[in-house]
Amino acid sequence: MAMPSVKPAGPYAIKKQRAKRDAEQARPEPKAATKLNILKAAKLERLKWLMHGFSTRQGGVTEEYGGTALNLGITREDTHANVASNRQRFMRALGAVEKNGTPWPLVNMKQVHSAIIHRVTGREMHSVTGDGLITDIPGILLSVKTADCLPIVIVDPVRRAIGVFHAGWRGTVQRIVEKGVGEMRKHFGSDPADMLAAIGPGIGSCCYEVGDEVQTEFETQFAYATELFEQVFDSNSLHIKYPLLFMNQRAPGHGAPAMKTHLNLAKANLYQLRDAGVPEKNVEMLGLCTACRTDIFFSHRIEYATGRMMAAVGIRS
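Residues numbered from 1 in each chain as written. Predicted model: local features only at pLDDT ≥ 70, side-chain atom pairs only at ≥ 80, totals over all residues. Heavy atoms only, no water.

A. Structural detail: the overall build of the protein chain. Along its length, the protein chain carries nine helices and 15 strands. Among the 317 residues that make up the protein chain, the fraction classed as buried is 45%. Considering only contacts in the protein chain between residues 6 or more positions apart, those separated by 24 or more positions represent 66%. Accessible area of the protein chain: about 16,900 Å², with a carbon and sulfur share of 52%. (Helix = DSSP H or I, 4+ residues; strand = E, 2+ residues; numbered from the N terminus. Buried < 20%, exposed > 50% of the residue type's maximum accessible area, 1.4 Å probe, protein only. Contact = heavy atoms within 4.5 Å. Areas by Shrake-Rupley, 256 points an atom, 1.4 Å probe, with all protein chains shown as cover.)

B. Highlighting the sheet that holds strand S10 (residues 161–167). Taken in spatial order, the six strands line up as S5-S7-S10-S9-S11-S14 in an open sheet, and their pairing is mixed. Each end of this open sheet is capped by a strand with a single partner; those strands are strand S5 (117–119) and strand S14 (283–285). Neighbouring strand axes in the sheet, compared pairwise and without regard to direction, differ in orientation by 15 degrees on average. Most of the contacts of helix H5 (residues 176–188) go to S10, to which it runs at about 160 degrees, and overall it touches S5, strand S7 (132–135), strand S9 (150–156) and S10. (Pairing = 2+ DSSP bridges. Axes fitted to C-alpha atoms, helices over the stretch in contact; angles between N-to-C directions.)

C. Here's a closer look at the nonpolar core. The biggest cluster of nonpolar side chains holds 40 residues, and the ones touching the most others in it are Ile154, Trp169, Phe218, Leu228, Leu263 and Leu273. Counting only elements with at least two residues in this core, the list comes to S9, S10, helix H4 (169–173), H5, strand S11 (196–199), helix H6 (212–219) and helix H8 (265–275). With sequence-adjacent residues up to four places away left out, leucine 263 is seen in contact with Trp169, Gly204, Ser205, Tyr208, Val210, Val214, Phe218, Leu228 and Phe229. Counting 32 residues, the second-largest nonpolar core is a separate cluster that includes Leu142, Phe297, Ala311 and Val313. (Core = buried A, V, L, I, M, F, W, Y, C linked by side-chain atoms within 4.5 Å.)

D. Region of interest: the pattern of salt bridges. Summed over all chains, the structure comprises five salt bridges. When the shortest N-O distance is used, the salt bridge between glutamate 303 and arginine 57 registers 2.9 Å. Taken together, the positions of glutamate 303 in helix H9 (residues 300–303) and arginine 57 in the loop between strand S1 (50–54) and strand S2 (58–62) put the pair 246 residues apart, joining distant regions of the chain. Of the residues examined, glutamate 303 reaches a relative accessible area of 28% and is grouped as partly exposed. Classification of arginine 57 as buried rests on a relative accessible area of 7%. (Salt bridge = Lys/Arg side-chain N within 4 Å of Asp/Glu carboxyl O.)

E. Broad picture of the layout of surface pockets. Looking at the largest pocket, its volume works out to about 750 Å³. Forming the walls of the largest pocket are 27 residues, and the residues nearest its centre are His113, Ala147, Cys149, His300 and Arg308. Secondary-structure elements contributing two or more residues to the lining of the largest pocket are strand S4 (109–110), strand S8 (141–146), H4 and H9. In terms of residue class, the lining of the largest pocket is made up of ten nonpolar, nine polar and eight charged. Looking at the second largest pocket, its volume works out to about 190 Å³. Taken together, 17 residues line the second largest pocket, and the ones lying closest to its centre are Gly202, Gly204, Ala266, Gly287 and Leu288. (1 Å grid on protein atoms, 1.4 Å probe; cavity = no way out; pocket = protein on both sides within 12 Å on 5 of 7 lines; lining within 4 Å. Points joined across faces, edges and corners; volume = space filled by probe spheres on them. Nonpolar A, V, L, I, M, F, W, Y, C, P; charged D, E, K, R; others polar.)

F. Quick peek at the confidence of the model for the protein chain. Confidence in the prediction for the protein chain averages 87 pLDDT; 80% of positions are at 70 or higher. Here residues 20–31 is a poorly scored stretch, pLDDT under 50, and it has three contacts once near neighbours within four places are set aside; other chains count. (pLDDT = per-residue confidence, 0-100.)

G. Representation of the environment of lysine 35 in the model. Within the secondary structure layout, lysine 35 lies in the loop between helix H1 (11–26) and helix H2 (42–45). Between the C-alpha atoms of lysine 35 and glycine 59, which are 24 residues apart in sequence, the distance is 4.5 Å. Residues in contact with lysine 35, not counting those within four places in the same chain, are Gln58 and Gly59.

H. Highlighting the packing of aromatic side chains. Counted according to the given criterion, the structure contains five aromatic pairs. A centroid spacing of 5.7 Å and a plane angle of 80 degrees characterise the contact between phenylalanine 218 and phenylalanine 229, whose relative ring orientation is edge-to-face. In this pair, phenylalanine 218 sits in helix H6 while phenylalanine 229 sits in strand S12 (residues 229–233), placing the two residues eleven residues apart along the sequence. Each member of the pair, phenylalanine 218 as well as phenylalanine 229, carries the same accessibility label: buried. (Phe/Tyr/Trp six-rings, centres within 6.5 Å; stacked < 30°, edge-to-face > 60°.)

I. Geometry of empty space enclosed by the protein. With the rule as written, the count across this model stands at one cavity of 30 Å³ or more. With three residues, strand S15 (residues 309–315) is the single largest residue contributor to the lining of the largest cavity. Its residues assigned to classes, the lining of the largest cavity shows six nonpolar, two polar and no charged.

J. Focus on the sheet that holds S8. Spatially, S1-S15-S8-S3 is the arrangement adopted by the four strands of the open sheet, whose pairing is mixed. Looking at the sheet topology across the chains shown, the edges are occupied by S1 and strand S3 (106–107). Relative to S15, S8 is paired through six bridges, and the arrangement is antiparallel. Residue pairing for S15: leucine 142 is matched across the bridge by valine 313.

K. Structural detail: the pairing of S7. Burial along S7 is two-sided: the face carrying Gly132 and Ile134 and the face carrying Leu133 and Thr135 are both buried. Sheet analysis places S5 next to S7, joined by three bridges and oriented parallel. When the sheet's bridge partners are listed, histidine 118 is paired in S7 with leucine 133. Of the strand pairs in this sheet, S7 and S10 are connected by four bridges, and their pairing is antiparallel. By the bridge assignment for S10, threonine 135 is matched with isoleucine 162.

This is the structure we're talking about:
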């Protein structure tokens with residue numbers, strides 16, 4: 001029986017086949033999620049009934065922000081599926097799961113840089129707007145999302161009550177942390193002298209340049225405002241890059257050095273905790289700058305289009 005004849009492929013068909021093969025070989029393999037890196041405060045980790053953690057950008061499935069990023073916030077660049085997967089990875093790494101493997105309820109908010117604080121009274125909670133959460137209910141994970149603003153966790157080890165707060169400059173000038181201590185006193189009978197607090201990673205005074213209007217806002221609210229700001233030499237200023245443009249007739253022949261105003265957001269919140277009655281020795285500052293360390297953290301100021309980290313705290317059942 002004669003075999004059917006096969007028409008030899010022409011030059012165009014051969015070229016097309018080769019292009020297809022080369023494209024398949026060049027197509028990158030899907031990246032596997034890397035290991036999570038969760039930061040914890042030593043003062044809080046001693047409490048066996050408490051779980052807490054500050055996420056980094058490492059250890060997720062999101063590729064939009066370079067590598068395998070642990071983006072925990074809904075953003076324009078990422079997909080809802082990625083964020084959901086990242087959140088599950090984060091919660092499991094914290095241990096926020098039931099014995100059957102079901103994740104705890106994760107409570108987060110639409111954050112608006114306010115001093116609005118919500119008390120969580122049950123395991124079911126609808127979406128809310130605000131920047132602070134408090135509870136004394138076990139089995140719930142409270143959280144805030146950040147990408148330069150400060151995440152702050154407050155714990156009452158006596159009453160077993162917890163709070164988490166999102167403190168940018170607007171929330172700070174509205175005294176969100178000071179108000180948070182007051183809300184915990186009101187709802188749980190907490191004594192500020194018993195409280196422990198952790199101020200997580202956020203933009204440091206080394207990188208947090210602000211305008212005169214921000215300094216004025218703080219000066220109208222806090223007697224210690226001058227301690228929160230410093231003048232930093234601006235090496236990128238036009239005065240430095242083009243000195244001849246700023247020559248004048250006064251000795252030594254140049255204008256005043258270019259200086260920028262920087263805000264120490266962590267110190268501002270430390271002072272608020274102190275004024276609310278929390279002993280400074282009970283406050284732990286992780287002291288890591290998100291703008292300096294974009295290899296570890298997301299930074300909205302440096303990257304603009306970027307992901308979100310999460311600070312979370314919960315009470316073990």
